Amino acid sequence: MTAPRTVLVTGSSGLIGSEAVTYFDARGWVVHGVDNNMRRDFFGPDGDTTWNLERLRRTTRRFTHHPLDIRAREAVLALLAEHRPNLVIHSASQPSHDLAKDRPFDDFDVNAVGTLNLLEATRRACPTSPFVFMSTNKVYGDVPNERPLVELETRFDYARPEDHEGIAETCRIDACLHSLFGASKVAADVLVQEYGRYFDMPTVCLRGGCLTGPRCSGAELHGFLAYLARATREGRPYRIYGYKGKQVRDNIHSFDVCTFFEAFWRRPRVAAVYNLGGGRANSVSMLEAVDRFERLIGKKLQVEYVDQNRVGDHICYISDLRRIRADYPEWDLQYGLDRTFEEISAA
Ligand SMILES: NC(=O)c1ccc[n+]([C@@H]2O[C@H](COP(=O)([O-])OP(=O)(O)OC[C@H]3O[C@@H](n4cnc5c(N)ncnc54)[C@H](O)[C@@H]3O)[C@@H](O)[C@H]2O)c1
């Protein structure tokens, strides 16, 4: 009998990490999760992931949790050296665009330095194992806002036919406003590509649109749909910042992110970069999302509208999925918007 494969998942109590733990555990892998619940430190009690870790402990078979900080370089090097995983999924981060300005050192140390620690640990311990990095569409800064838009009744949309499919990976990433979060993720994204090209390692940067699902510990500063559902359910006031609530996001369910992890593990490439979101079919504006949750949950949301938009916020962002689909035709989204909203409403 062959030994089971091993995957190391960072951010394993978070939205994407916990879905990855469940996904690979269910497929017979040995799973090592790394998470120090820093989400609670970043976002307060709403961000606490303890419930999710406990759920994983109850529902998985081959999962070991390591409450390790990815900034702890020696510990990260030792962990990789001990387990030499067949796959590394790096999804631990300070994930908030807005929080980064208040915690610039933590943001950079976690997002950029933590990624370097993991890359170097992987290179030393298991350089042929695919390394998957959860990057973000914020690496494009506010460049997507340069696209001409039309204003429709409930959303903005791209004005030109050539922009219809959304933002492609060829979008410029410099000479623009990123937020400190976007800048620390650019540093990590470029490092992941460099380890691919320079050391010929199978790495991929997945530049996420809105990643979502019922395992998100939604907080006001991060986890758009999960927090919107929570506010609707619990009668909390919800603030919409600027753009008349017509800003558009494309949403991908965390399960569909994991099916791509597996697709990449099966056919890895060197220094790959993909936009990974729900695409046009799974795009919603704030106004449309509020309307959907109000109908599903059966309560009216107390919306407070703030004129000023968040600094550098995208007005209309849809991930162009043509590159990822061309390279991995066997992968596709299984969740549409209806199912995603239903699951989050019921969480
Ligand atoms: N959620 C989104 O909409 C979205 C969009 C684009 C990109 N991303 C990226 O995807 C990745 C996963 O996002 P998510 O929504 O699952 O975030 P999340 O906050 O739910 O999960 C991240 C986890 O990392 C852990 N963590 C933070 N700092 C750590 C540290 N120093 N050491 C160990 N663990 C630490 C947190 O406790 C948390 O559980 C992140 O890299 C994020 O930037 C997310």
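Structure: above.
Residues numbered from 1 in each chain as written. Predicted model: local features only at pLDDT ≥ 70, side-chain atom pairs only at ≥ 80, totals over all residues. Heavy atoms only, no water.

Lay out the side chain of His314 with the relevant residues and their values.
Checked against the element boundaries, His314 lands in the loop between strand E14 (302-306) and helix H10 (322-327). Given the relative accessible area of 1%, His314 is considered buried. Dropping the residues within four chain positions of it, His314 is found in contact with Asn137, Lys138, Gly141, Pro144, Asn145, Tyr243, Gln247 and Arg249. (Helix = DSSP H or I, 4+ residues; strand = E, 2+ residues; numbered from the N terminus. Buried < 20%, exposed > 50% of the residue type's maximum accessible area, 1.4 Å probe, protein only. Contact = heavy atoms within 4.5 Å.)

Tell me about the site of the ligand, and please be specific about residues and values.
If you check the shell around the ligand, you find 29 residues, and the closest are Asp35, Arg39, Asp69, Lys185 and Gly209. Contacts to the ligand include Ile16, whose backbone N or O atom sits 2.9 Å from an oxygen atom. With respect to the ligand, the backbone of Met134 contributes an N or O atom lying 3.3 Å from an oxygen atom. Taken together, the elements giving at least two residues each to the shell around the ligand come down to helix H1 (15-26), helix H2 (38-43), strand E5 (131-136), helix H6 (179-199) and strand E9 (210-212). In terms of residues, the shell around the ligand owes the most to one element, E5, which gives three residues. When its residues are assigned to classes, the shell around the ligand shows 12 nonpolar, 13 polar and four charged. (Near = heavy atom within 4 Å. Polar contact = N/O pair within 3.5 Å; in protein donor to acceptor, adjacent residues only side chain to side chain. Nonpolar A, V, L, I, M, F, W, Y, C, P; charged D, E, K, R; others polar.)

Hey, could you go over the sheet that holds E5 for me, with residue numbers and the actual values?
The strand order across the open sheet formed by seven strands is E3-E2-E1-E4-E5-E8-E12, and the pairing between neighbours is parallel. Strands with a single pairing partner mark the edges of an open sheet, and in this sheet they are strand E3 (63-66) and strand E12 (272-276). Averaged over all neighbouring strand pairs, the angle between strand axes comes to 20°, with direction disregarded. Taken together, the four bridges between strand E1 (residues 6-10) and strand E4 (residues 87-90) define a ladder with parallel strand orientation. Paired with Leu8 across the strands is Val88, a residue of E4. (Pairing = 2+ DSSP bridges. Axes fitted to C-alpha atoms, helices over the stretch in contact; angles between N-to-C directions.)

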